[in-house]
Amino acid sequence: ILPRISTRLQGYLFFAAIANLINNVGYLFEITAPSEAVYVVALKFSYFGRIWVAFALLLVAVKISNVSYNDLITQILAFVHIATLCVMLTYEHHNLYYTTSRYVTDGIFPYIEYGHGIWYEVYNYALLSAYIVVGVACMCFDLTRERDVLKRKQLKILISSTAVQSVFFILSILISSPLVAL
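Residues numbered from 1 in each chain as written. Predicted model: local features only at pLDDT ≥ 70, side-chain atom pairs only at ≥ 80, totals over all residues. Heavy atoms only, no water.

> Would you take a moment to explain the overall build of the protein for this structure?
The helix and strand inventory of the protein stands at six helices and two strands. Beginning at the N terminus, the succession of helices and strands in the protein can be written as α-α-α-β-β-α-α-α. Structurally, the protein occupies a C-alpha span of about 55 × 35 × 30 Å along its principal axes. For the protein, the proportion of its 182 residues judged to be buried stands at 38%. Contacts spanning at least 24 positions in sequence make up 60% of the contacts within the protein whose residues lie at least 6 apart. Within the protein, the 10 negative side-chain charges are centred at a point lying 15 Å from the centre of the 12 positive side-chain charges. (Helix = DSSP H or I, 4+ residues; strand = E, 2+ residues; numbered from the N terminus. Buried < 20%, exposed > 50% of the residue type's maximum accessible area, 1.4 Å probe, protein only. Contact = heavy atoms within 4.5 Å. Lys, Arg positive; Asp, Glu negative; His and termini not counted. Charge placed at Lys NZ, Arg CZ, Asp CG, Glu CD.)

> Just to check I follow, could you spell out the packing of helix α2 (residues 36–64) against helix α3 (residues 71–89) for this structure?
The angle between the axes and the distance between the axes are what describe a pair of packed helices. In contact at an axis separation of 10 Å, α2 and α3 are set at 160° when each is read in the N-to-C sense. Our classification of the angle between α2 and α3 gives roughly antiparallel. The handedness of the crossing between α2 and α3 is right-handed. Contacts between α2 and α3 involve Leu43, Lys44, Tyr47, Phe48, Ile51, Trp52, Phe55, Leu58 and Leu59 from the former and Thr74, Leu77, Ala78, His81, Ile82, Thr84, Leu85, Met88 and Leu89 from the latter. (Axes fitted to C-alpha atoms, helices over the stretch in contact; angles between N-to-C directions. Parallel < 35°, antiparallel > 145°, perpendicular 65-115°, else oblique. Left-handed = near helix turned anticlockwise from the far one by under 90°.)

> Would you take a moment to explain the nonpolar core for this structure?
In summary, soluble globular proteins display a tendency toward joint burial of nonpolar side chains. Membership of the largest hydrophobic core comes to 42 residues, with the highest contact counts inside it found for Tyr47, Tyr97 and Tyr98. At 14 residues, the largest contribution of residues to this core is made by α2. In this structure, Tyr98 is in contact with Leu43, Tyr47, Met88, Tyr91, Tyr114, Gly115, Gly117 and Tyr120, ignoring residues within four places of it in sequence. (Core = buried A, V, L, I, M, F, W, Y, C linked by side-chain atoms within 4.5 Å.)

> Sorry, what's going on with the packing of aromatic side chains here?
Centre-to-centre distance and the angle between the planes together describe a pair of aromatic rings. Per the counting criterion, the structure on display carries 12 aromatic pairs. Aromatic side chains Tyr97 and Tyr98 sit 4.9 Å apart centroid to centroid with 75° between the ring planes, which places their arrangement in the edge-to-face category. We note that Tyr97, like Tyr98, is buried. Seen from their ring centres, Tyr98 and Tyr114 are 3.7 Å apart, and the 15° between their planes marks the pair as stacked. With Tyr98 in strand β1 (residues 98–104) and Tyr114 in strand β2 (residues 111–116), this pair connects stretches of sequence that are 16 residues apart. For Tyr98, a relative accessible area of 6% gives the class buried. Grouping aromatic residues by their ring pairs yields a cluster made of Tyr47, Tyr91, Tyr97, Tyr98, Tyr114, Tyr120 and Tyr125. (Phe/Tyr/Trp six-rings, centres within 6.5 Å; stacked < 30°, edge-to-face > 60°.)

> Please clarify how helix α4 (residues 118–145) should be interpreted in this entry.
In an α-helix, one full turn covers 3.6 residues, which means residues spaced three or four apart are oriented alike. If you check α4, its first and last C-alpha atoms are 39 Å apart, about what 28 residues at 1.5 Å a residue would give, namely 40 Å. Here α4 has its buried residues at Tyr120, Tyr123, Asn124, Tyr125, Leu127, Leu128, Tyr131, Gly135, Cys138, Met139, Asp142 and Leu143. (Expected span 1.5 Å × (residues − 1).)

> Please clarify how the layout of surface pockets should be interpreted in this entry.
One way to see where empty space is left: roll a probe the size of a water molecule over the atoms. In this model, the largest pocket occupies a volume close to 1400 Å³. If you trace the largest pocket, you find 45 residues lining it, with Arg50, Val53, Asn124, Leu128 and Phe169 closest to the centre. Looking at the lining of the largest pocket, the elements with two or more residues in it are α1 (7–31), α2, β2, α4 and α5 (149–176). In terms of residue count, the dominant contributor to the lining of the largest pocket is α2 (12 residues). (1 Å grid on protein atoms, 1.4 Å probe; cavity = no way out; pocket = protein on both sides within 12 Å on 5 of 7 lines; lining within 4 Å. Points joined across faces, edges and corners; volume = space filled by probe spheres on them.)

> Please clarify how unusual backbone geometry should be interpreted in this entry.
The phi angle of most residues is negative, glycine excepted, and most peptide bonds adopt the trans form. A positive phi angle is found at Asn66, which is not glycine, with a value near 55°. In this fold, Asn66 is placed in the loop between α2 and α3.

Right, dumping it as C-alpha cells:
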C-alpha cells in the first residue's frame, strides 16, 4: 500500500484478510443453511472472523499512520474481542448478546431475527464507532504531515474508502435502531 510497509503492517493486513475470509465463508454457510441448527453453527463460525475484522483494520490504520501507542491498549482491545466472542458463542444461555431470536425462512435466504442485548449494542455500536473515529483521525493526522504527493494520494484513497464503509455502517445502525421503528 505504502512504500514504508513493515513486516508488522503486512501481518495486520494478513490478519484482516483471514478474518474477512472466515467471516465470508461463515456467511456463505448461513445463507445456504437447511435448518436453524445449521444456521446457528454457521453464524458462530463466522464470528471467529467477524469479531476481528474491525480490530485488524484499526491496527492497519494506526500502523499506516505511524501513530505510537502502548501495546497494552492492543492487548486490552484483543481481550475485549475475545470476551465478545465468548459471549456471542454462548448467547443461548443469557441475554447479553442477543435477547431474542426467530428463525425466518421467508425470501431467498434463511436468516435469524435477533433482539440486541447490551453487549451487542456496546460492541457493535460504541466500540466499532470508536474504531472508525480513531482510524480516520490517525489517517487524517498522517495526511496533514505527509508531503509526498503519491503517499498523500494513497492516504486520501484509504480515508475515502473508510468514509464510504462508515456511511453504510451508520446507515445499518440507523435501520436496525429501535428509534427508527417509532
